[in-house]
Amino acid sequence: MPESRFDVLLQQAAGGSLTRREVLKRAAALGLGAPAIAALLAACGGGSPSSAATTTSSSSSSSGASTSTTTTTTSAASPAAGASPAAAATTAAATTRGQGGQLKLLWWEAPTILNAHLAQGTKDFDASRVVLEPLGDFDSNANVIPILADHAPSLTNGEVATDGKSVTWKLKSGVKWSDGQPFSSADVKFTFDYVTNTATAATTIGAYLNVASVDTPDDLTVVVNFKKPAPNWYVAFCGANGYILPQHILKDYVGAKARNAPFNLKPIGTNAFVVTDFTPGDHVNYAANDNYRDPTKPFFATVNLKGGGDATSAARASIQTGEVDYGWNLQVSADVLKSLETPTSPGKLLVYPSTNTEQIMVNLSDPNTTVDGQKSHFGTPHPFQSDPNVRKAYTLLIDRETMASKLYGPAGVASANVLVAPPKFVSKNTSWKYDVAGAEQVLDSAGWTKGSGGVRAKGGVQMKVVFQTTVNTLRQQEQELVKAAFDQAGISMTLKSVDASVYFSSDAGNPDTASHFYTDLEMFTNGPVDPYPIDFMIGWYGATSNIAQRENQWAGNNINRWQNSQYDSLYQQALTELDPAKQPALFIGMNDLVVNNGIVIDEVWRNGVSGANKKLQNMDPQTWASSELWNIANWTKSS
């Protein structure tokens, strides 16, 4: 580690610009030993904190409701509960690769592909992250954590251009792919070429649309040149959209051949594990990567990621029975969550702030008419959801408070906004209200009146909708709440549940995927993956090429098929706005247009909730990280 980087960190610690927790994280990222860590903590001004850090964060919905979430996590910088950082560093240094046996993970939405650039759904990004890595990831404070990069670029060190037109990344030296081949800047450039080849139909292409070219002056230097000034210079090659691909493995699988690559099921990566076998929709088995850059890691010899089942079973297996070490995304009812964790249970709840909300998407196209071989064609308006009065009525028929308090409990709070983080981009202009009578008045005034069987109609068109989501007990309860209100208001609703492995599949031939959206309404969790959320807001950008359709294999981001010139103008401005003082108005404006036009009906702002064995250590879920598994190389387990 260059002495100058330690000096910079020491100055920041002494100057008070970093908290003790941030100092520990950065020290861990630099691979510092116990003496260096002790010096840094001394500069902060005092003794050693315990490794289990408890933080409290408050977040407010636009209605004024708030939630205070106590998050217990174990920092990567401080592995052992109760141990000092110096002792923790000593323990880490003595770790032997593979000594921990098998780590058992349970993802109740099973992965279907291990190439994140072709994936749809968190489960695929997570399963890929065990093997693949980006140049950088993000912590909860929106700081870049260097992963394959040697350090984070900045304006201060001159690696981020003052005009926003380029960024220079310096790569870690000595990194190898799991097959022993050297990792270099050529792989980063190849990843750009792979993703931006339109025939590849990469689902991550939105993160690279502003990249003009990628230069590689030497094996450890990457210069990313942008078409326009890039306020989010870090979005390409960082976080969930930034996993780097091996050129020597995939060079013959770019474009139309991309989905035929054996790599998609058995990737070669730079992270701490390699895939030994994978059954899509069921499980992934991993083994320690013998070529991983840190010879003391990973602690575990193997990882079994079991997919499928349901969230309730995952909660019980990870908290109540201890059958698995870690259970992901415990989207279960509040009463179940409260009953699982006891002083004698082998597992505990792990709750942390999230950027995600549970959303109902409204289809602006007609899912019952086939045009040019596809339904929900964006040129065919929905027979009644195209009416803004109908969408306004919909927003009044969602009982958010019951969903949040009765169904989610500590895992959520009622919300109207689609963009709930970072705080500076959160709108205070929106509100929500549950009012069935008010919804009926809106529909009556718009000419949608109750007729035969109490179902509303206008011009011979009856208001009958199909509402789909994944198979999940909690989501089915949400569906039932929505259906009861819609039925009361005179809108006939049919509920549809799709297995998550199908719903979030990237299979262009499967009509039941969320991106096909061949129903009137659909529900899932959604949110930004990087702190400058332009690639989240692309979800409602109206360019024809961005609309999910057969021509782009339903990989377009705009699945609502909504087009609005005012929104598009704000989006285009936000793409290049370098002034931090002007950015909030752009994002708040986009949020308000989506919310107030009833294009997306937000329900619950969800906290991240997982279950972890009480002996499992060093999990460090971060609000902005690419995955809860982003630092799996550091995970350990006490005996």
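Below is a summary of the structure that appears in this document. Keep in mind the model is a prediction, meaning the values are calculated, not measured. (Residues numbered from 1 in each chain as written. Predicted model: local features only at pLDDT ≥ 70, side-chain atom pairs only at ≥ 80, totals over all residues. Heavy atoms only, no water.)

**Some words on the side chain of S505**
So, step 1. Turning to its location among the elements, S505 is positioned in the loop between α14 (500-503) and β23 (521-526).
So, step 2. Of the polar contacts made by the side chain of S505, one reaches the backbone nitrogen of D507; its length is 2.9 Å.
So, step 3. Those residues in contact with S505 that sit more than four places away from it in its chain are Q120 and T513. (Helix = DSSP H or I, 4+ residues; strand = E, 2+ residues; numbered from the N terminus. Polar contact = N/O pair within 3.5 Å; in protein donor to acceptor, adjacent residues only side chain to side chain. Contact = heavy atoms within 4.5 Å.)

**What to know about the sheet that holds strand β6 (residues 166-170)**
Where strands meet in a sheet, backbone hydrogen bonds hold them as pairs that are either parallel or antiparallel.
So, step 1. With antiparallel pairing, the 3 strands of this open sheet are ordered in space as β6-β8-β7. The outermost strands of the open sheet, each flanked by one partner alone, are β6 and β7 (211-218). On average, each strand axis in the sheet is tilted by 20° relative to the strand beside it, whichever way the strands run.
So, step 2. Its contacts with the sheet place helix α6 (residues 185-196) against β7 and β8 (221-226), and it is angled at close to 165° to β7. (Pairing = 2+ DSSP bridges. Axes fitted to C-alpha atoms, helices over the stretch in contact; angles between N-to-C directions.)

**A closer look at helix α17 (residues 583-596)**
So, step 1. For α17, with 14 residues, the first-to-last C-alpha span of 20 Å sits near the 20 Å given by 1.5 Å per residue.
So, step 2. By the criterion of burial, α17 is predominantly enclosed, with 12 of the 14 residues buried.
So, step 3. Looking only at α17, the buried set comprises Q583, P584, L586, F587, I588, G589, M590, N591, D592, L593, V594 and V595.
So, step 4. Buried residues belonging to α17 abut α15 (534-537), α16 (565-576) and β24 (600-606). (Expected span 1.5 Å × (residues − 1). Buried < 20%, exposed > 50% of the residue type's maximum accessible area, 1.4 Å probe, protein only.)

**Some words on unusual backbone geometry**
As a rule of thumb, non-glycine residues mostly have phi less than zero, and peptide bonds are mostly trans rather than cis.
So, step 1. Across the junction of K297 and P298, the peptide omega takes the value 0°, indicating a cis bond.
So, step 2. For P298, the position within the fold is in the loop between β10 (283-288) and β11 (302-307).
So, step 3. With a phi angle near 50°, S376 is a residue other than glycine that sits in the positive phi range.
So, step 4. Within the secondary structure, S376 sits in the loop between β15 (365-366) and β16 (377-381).
So, step 5. Phi angles above zero are rare outside glycine, and F517 is one such case at about 50°.
So, step 6. Structurally, the position occupied by F517 is in the loop between α14 and β23.

**As for the pairing of strand β22 (residues 492-498)**
So, step 1. With 7 bridges joining them, strand β21 (residues 464-470) and β22 adopt parallel strand pairing. Bridge pairing links Q468 to K496 in β22.
So, step 2. On the question of chirality, the crossover connecting β21 to the parallel β22 by way of helix α13 (residues 473-489) is right-handed. (Right-handed = clockwise from strand over helix to strand, strands pointing away.)

**Some words on empty space enclosed by the protein**
So, step 1. Considering all chains together, one arrives at 2 cavities of 30 Å³ or more under this definition.
So, step 2. In this structure, the second largest cavity occupies an estimated 50 Å³ of space.
So, step 3. Taken together, Q120, R259, S505, S506, D507, A508, T513, S515, H516, Q553, W554 and A555 make up the lining of the second largest cavity.
So, step 4. Residue composition of the lining of the second largest cavity, by class: 3 nonpolar, 7 polar and 2 charged. (1 Å grid on protein atoms, 1.4 Å probe; cavity = no way out; pocket = protein on both sides within 12 Å on 5 of 7 lines; lining within 4 Å. Points joined across faces, edges and corners; volume = space filled by probe spheres on them. Nonpolar A, V, L, I, M, F, W, Y, C, P; charged D, E, K, R; others polar.)

**Some words on the packing of α16 against α17**
So, step 1. Axis separation between α16 and α17 bottoms out at 9 Å; the angle between their running directions is 155°. Relative to α17, the element α16 is oriented roughly antiparallel. In the packing of α16 onto α17, the handedness of the crossing is left-handed. Contacts from Q566, Y567, L570, Y571, Q573 and A574 in α16 reach L586, F587, G589, M590, L593 and V594 in α17.
So, step 2. In the contact of α16 with α17, the residues fall into 9 nonpolar, 3 polar and no charged. (Parallel < 35°, antiparallel > 145°, perpendicular 65-115°, else oblique. Left-handed = near helix turned anticlockwise from the far one by under 90°.)

**Remarks on the sheet that holds strand β18 (residues 449-450)**
So, step 1. Taking strand neighbours across the sheet as the criterion, the 3 strands line up as β18-β19-β20 in an open arrangement whose pairing is antiparallel. Edge positions in the sheet fall to β18 and β20 (461-462), since each of these pairs with one other strand and no more.
So, step 2. In terms of strand pairing, β18 meets strand β19 (residues 456-458) through 2 bridges, oriented antiparallel. In the sheet register, K450 faces β19, and the bridge partner there is R456.

**Quick word on α16**
So, step 1. Here α16 is 12 residues long and its end C-alpha atoms lie 18 Å apart, about the 16 Å a rise of 1.5 Å per residue gives.
So, step 2. Along α16, the residues classified as buried are Y567, D568, L570, Y571 and A574. Down the axis of α16, the sector holding all buried residues measures 165°, keeping them to one side.
So, step 3. Each element contacted by the buried residues of α16 is listed here: α15 and α17.
So, step 4. One side-chain oxygen at the N-terminal end of α16 lies 3.0 Å from the backbone nitrogen of Q566; it belongs to N564. (Arc of directions from axis to C-beta.)

**Concerning the pairing of β8**
So, step 1. Extensive coverage of β8 is indicated by the burial of 6 of its 6 residues.
So, step 2. Residue alternation in β8 divides its side chains into two sets, T221, V223 and N225 and V222, V224 and F226, and both sets are buried.
So, step 3. Where β6 lies against β8, 5 bridges are found, and the strand directions are antiparallel. What sits directly across from W169, in β8, is V222.
So, step 4. Sheet analysis places β7 next to β8, joined by 5 bridges and oriented antiparallel. If you follow S213 over to β8, its bridge partner there is N225.
So, step 5. Hairpin connection between β7 and β8: a loop of 2 residues separates the two successive antiparallel strands.

**Remarks on the side chain of T203**
So, step 1. Assignment of secondary structure puts T203 in the loop between α6 and β7.
So, step 2. The class of T203 is buried, set by a relative accessible area of 18%.
So, step 3. The residues contacting T203, other than those within four sequence positions of it, are A116, H117, L118, A119, Q120 and A555.

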